[in-house]
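Structural overview for review
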Amino acid sequence: MSRLDSKIVTITGASSGIGAATARELAARGAAVVLGARRTDRLDSTVARIRAEGGRAQMLEVDVTKRVDLEALVALAVNRFGRLDVLVGNAGVARTAPMADLDVDGWDAMIDVNLRGVLHGIAAALPVFRRQGRGHFVTTVSTSGLKIVPAQAVYAGTKNAVRTLLEALRQESTDGVLRTTSVSPGFVRTELVDHIDDPEQREQTQRTMATLGISPDAVARAVAFAVEQPDDVEIGDITIRPTRQN
Ligand code: NDP
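Read on for an overview of the structure. The model shown is predicted, which means the values in this text are computed figures rather than measured ones. Position labels on residues start from 1 in each chain and follow its written sequence. Under the rules for a predicted model, residues below a pLDDT of 70 receive no local features and side-chain atom pairs below 80 are neither given nor counted, while totals for whole chains, interfaces and linings still include all residues. Hydrogens and water are ignored here; the side-chain numbers use all heavy atoms of the structure.

Turning our eyes to something else, we now look at a negative patch on the surface. Surface patches are defined over residues having more than 30% relative accessible area and no salt bridge, joining like charges when they lie within 9 Å and nonpolar side chains (Val, Leu, Ile, Met, Phe, Trp, Tyr) when within 5 Å. Residue-level accessible areas treat just the shown protein chains as cover; the underlying method is Shrake-Rupley with a 1.4 Å probe. Put simply, a salt bridge is a Lys or Arg side-chain nitrogen that is within 4 Å of an Asp or Glu carboxyl oxygen. For the purpose of counting charges, residues Lys and Arg are taken to be positive, whereas Asp and Glu are taken to be negative. His and the chain ends are not included. A single reference atom marks each charge: NZ on Lys, CZ on Arg, CG on Asp, CD on Glu. A cluster of acidic side chains, namely Asp101, Asp197, Asp198, Glu200 and Glu203, defines a negative patch on the protein surface. In DSSP terms, a helix is any run of H or I states spanning at least four residues, a strand is any run of E spanning at least two, and both are numbered starting from the N terminus. Along the chain, Asp101 turns up in the loop between β4 (86–89) and α4 (104–132). Residue classification places Asp101 among the exposed residues on the basis of a relative accessible area of 52%. Only protein chains enter the accessibility calculation, which uses a 1.4 Å probe; a residue whose area is less than 20% of its type maximum is buried, one above 50% is exposed, and one in between is partly exposed.

Okay, here's the thing in structure tokens:
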């Protein structure tokens with residue numbers, strides 16, 4: 001029996017890339033997964049695929065910038081499966097541009113999704129975890145926060161802010177109720193960079209992803225590793241990048 005057989009896991013940003021791969025990986029290992037994102041057609045197909053393979057999955061349209069949506073997602077897990085064991089705060093957007101470009105809309109979008117979205121998840125799940133006496137926050141941060149490079153200042157800033165939140169939560173929760181895990185991927189082949197506005201930046205990053213990026217399944221296995229540990233073992237940080245990434 002897998003350690004995930006009895007786990008209930010909610011994942012944001014589960015409509016593509018790392019989130020969808022994590023949903024499939026955890027469901028294949030026996031977890032019941034509750035998926036949230038805005039593109040419900042994509043969530044539908046992931047849920048259908050998981051169920052066709054014998055797994056348990058539910059979905060809900062979620063915009064992480066809205067606190068009520070995270071409350072509804074957590075409530076769905078608790079109402080449908082009786083509790084929530086893990087919240088994977090994975091939804092994210094990346095806009096790359098030098099600060100001097102003053103892409104203030106892009107800054108706002110990253111703060112709203114990458115930072116505020118994770119906070120909304122914490123606000124929704126923390127009372128449930130405390131009530132249950134057990135819970136695990138996993139977030140997808142980034143190697144961009146570990147090695148600062150030009151044109152990613154705000155993206156890296158949001159990811160490092162989330163890393164800080166989880167470390168603070170960990171220190172505030174040494175009673176053994178909470179576990180926190182920050183997963184820092186490097187280049188991963190997903191749709192993330194397809195949304196970069198500047199065509200030159202977009203094409204350059206897409207080329208890097210195509211030649212260097214690893215599969216989102218690799219990140220999903222890293223998340224599974226953290227989630228599968230026994231309750232008294234916390235995997236705090238995981239860095240996972242292509243072997244050839246500098
Ligand atoms: P994708 O673009 O494939 O996935 C991003 C996910 O975030 C989608 O499911 C998208 O769903 C969701 N999302 C975006 N905005 C919102 C919103 N407002 N509300 C709810 N969901 C939202 O890229 P990845 O899989 O790569 O990204 C997943 C995470 O991994 C992100 O946090 C990203 O920053 C991080 N990451 C990615 C790396 C990479 O190289 N790919 C490297 C390091 C970190 P929808 O649009 O349907 O709402």
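Summarising the element assignment, Thr96 is placed in the loop between β4 and α4. Between the alpha carbons of Thr96 and Arg189 there is a distance of 17 Å; along the sequence they are 93 residues apart. Throughout this description, a polar contact denotes any pair of N or O atoms lying within 3.5 Å of each other; where both atoms belong to protein, one of them has to be capable of donating a hydrogen while the other can accept it, and for residues adjacent in sequence the pair is counted only when both atoms sit in side chains. A polar contact is formed between the side chain of Thr96 and the side chain of Gln201, at a distance of 3.1 Å.

Once that is clear, we can look at the site of the ligand. Neighbouring residues are identified by heavy atoms, a residue being near a molecule or strand if any of them is within 4 Å of it. What surrounds the ligand is a group of 30 residues, the closest being Ser15, Ser16, Arg38, Tyr155 and Thr190. A distance of 2.6 Å is found between an oxygen atom of the ligand and a side-chain nitrogen or oxygen belonging to Thr190. Between Leu192 and the ligand, the recorded distance is 3.3 Å, taken from a backbone N or O atom to an oxygen atom. Burial of the ligand by the protein amounts to 96% of the accessible area it has alone, namely 880 Å². Among the elements of the structure, α1 (17–28) and α5 (153–171) are those that each provide at least two residues to the shell around the ligand. Here the nonpolar group is Ala, Val, Leu, Ile, Met, Phe, Trp, Tyr, Cys and Pro; Asp, Glu, Lys and Arg are the charged ones; every other residue, Gly included, is treated as polar. Residues of the shell around the ligand, tallied by class, amount to 15 nonpolar, ten polar and five charged.

Stacked, tilted and edge-to-face pairs are distinguished by plane angle, under 30 degrees for stacked and over 60 for edge-to-face with tilted covering the rest, among Phe, Tyr and Trp rings (Trp via its six-membered ring) whose centres lie within 6.5 Å. Applying the stated criterion across every chain yields a total of one aromatic pair. A ring is scored as having a charge over it whenever the NZ atom of a lysine or the CZ atom of an arginine sits within 6 Å of its centre and within 35 degrees of its normal. The ring of Phe81 has Arg80 sitting right over it, with the charged end atom 5.1 Å from the ring centre.

To continue, consider the packing of α1 against helix α7 (residues 216–228). What counts as an axis is a line fitted to C-alpha atoms, over the stretch in contact for a helix, and the angles between N-to-C directions run from 0 to 180 degrees. It is at 8 Å that the axes of α1 and α7 come closest, and there the two elements cross at 55°. By the angle between their axes, α1 is oblique relative to α7. Like other packed secondary-structure pairs, α1 and α7 cross with a definite hand, here right-handed. The segment α1 lies against α7, with Gly17, Ile18, Ala21, Thr22, Arg24, Glu25 and Leu26 engaging Pro216, Asp217, Val219, Ala220, Arg221, Val223 and Ala224. For the contact of α1 with α7, the per-class residue count stands at eight nonpolar, two polar and four charged. Note on angle classes: values under 35 degrees are labelled roughly parallel, values over 145 roughly antiparallel, values of 65 to 115 roughly perpendicular, and the remainder oblique. Helix crossings are classified by the rotation of the near helix relative to the far one: an anticlockwise turn of less than a right angle makes the crossing left-handed, while a clockwise turn makes it right-handed. Should any heavy atoms of two residues lie within 4.5 Å, those residues are counted as being in contact.

With that out of the way, let us pick up the nonpolar core. Nonpolar side chains in soluble globular proteins generally cluster together in the buried interior. Buried residues of nine kinds, namely Ala, Val, Leu, Ile, Met, Phe, Trp, Tyr and Cys, make up a nonpolar core once their side-chain atoms join them within 4.5 Å. Counting 32 residues, the largest nonpolar core has Val9, Ile11, Leu26, Val33, Leu35 and Ile240 as its most contacted members. Put simply, the parts of the chain that give this core at least two residues each are β1 (8–12), α1, β2 (32–37), α2 (40–52), β4, α7 and β7 (237–240). Broken down by element, the residue count for this core peaks at seven residues, all from α7. In this structure Ile240 touches Val183, Ser184, Pro185, Gly186, Ile214, Ala218, Val219 and Ala222, once residues within four positions along its chain are discounted.

Contact geometry for helix α3 (residues 67–81) and α4: axes closest at 8 Å, N-to-C directions at 40°. As summarised for this structure, α3 and α4 are arranged oblique, according to the angle between their axes. Considering only the axes of α3 and α4, their crossing is right-handed. On α4, the residues touching Arg67, Leu70, Glu71, Val74 and Val78 of α3 are Gly117, His120, Gly121, Ala123, Ala124, Ala125 and Val128. Among the residues forming the contact of α3 with α4, the class breakdown is seven nonpolar, three polar and two charged.

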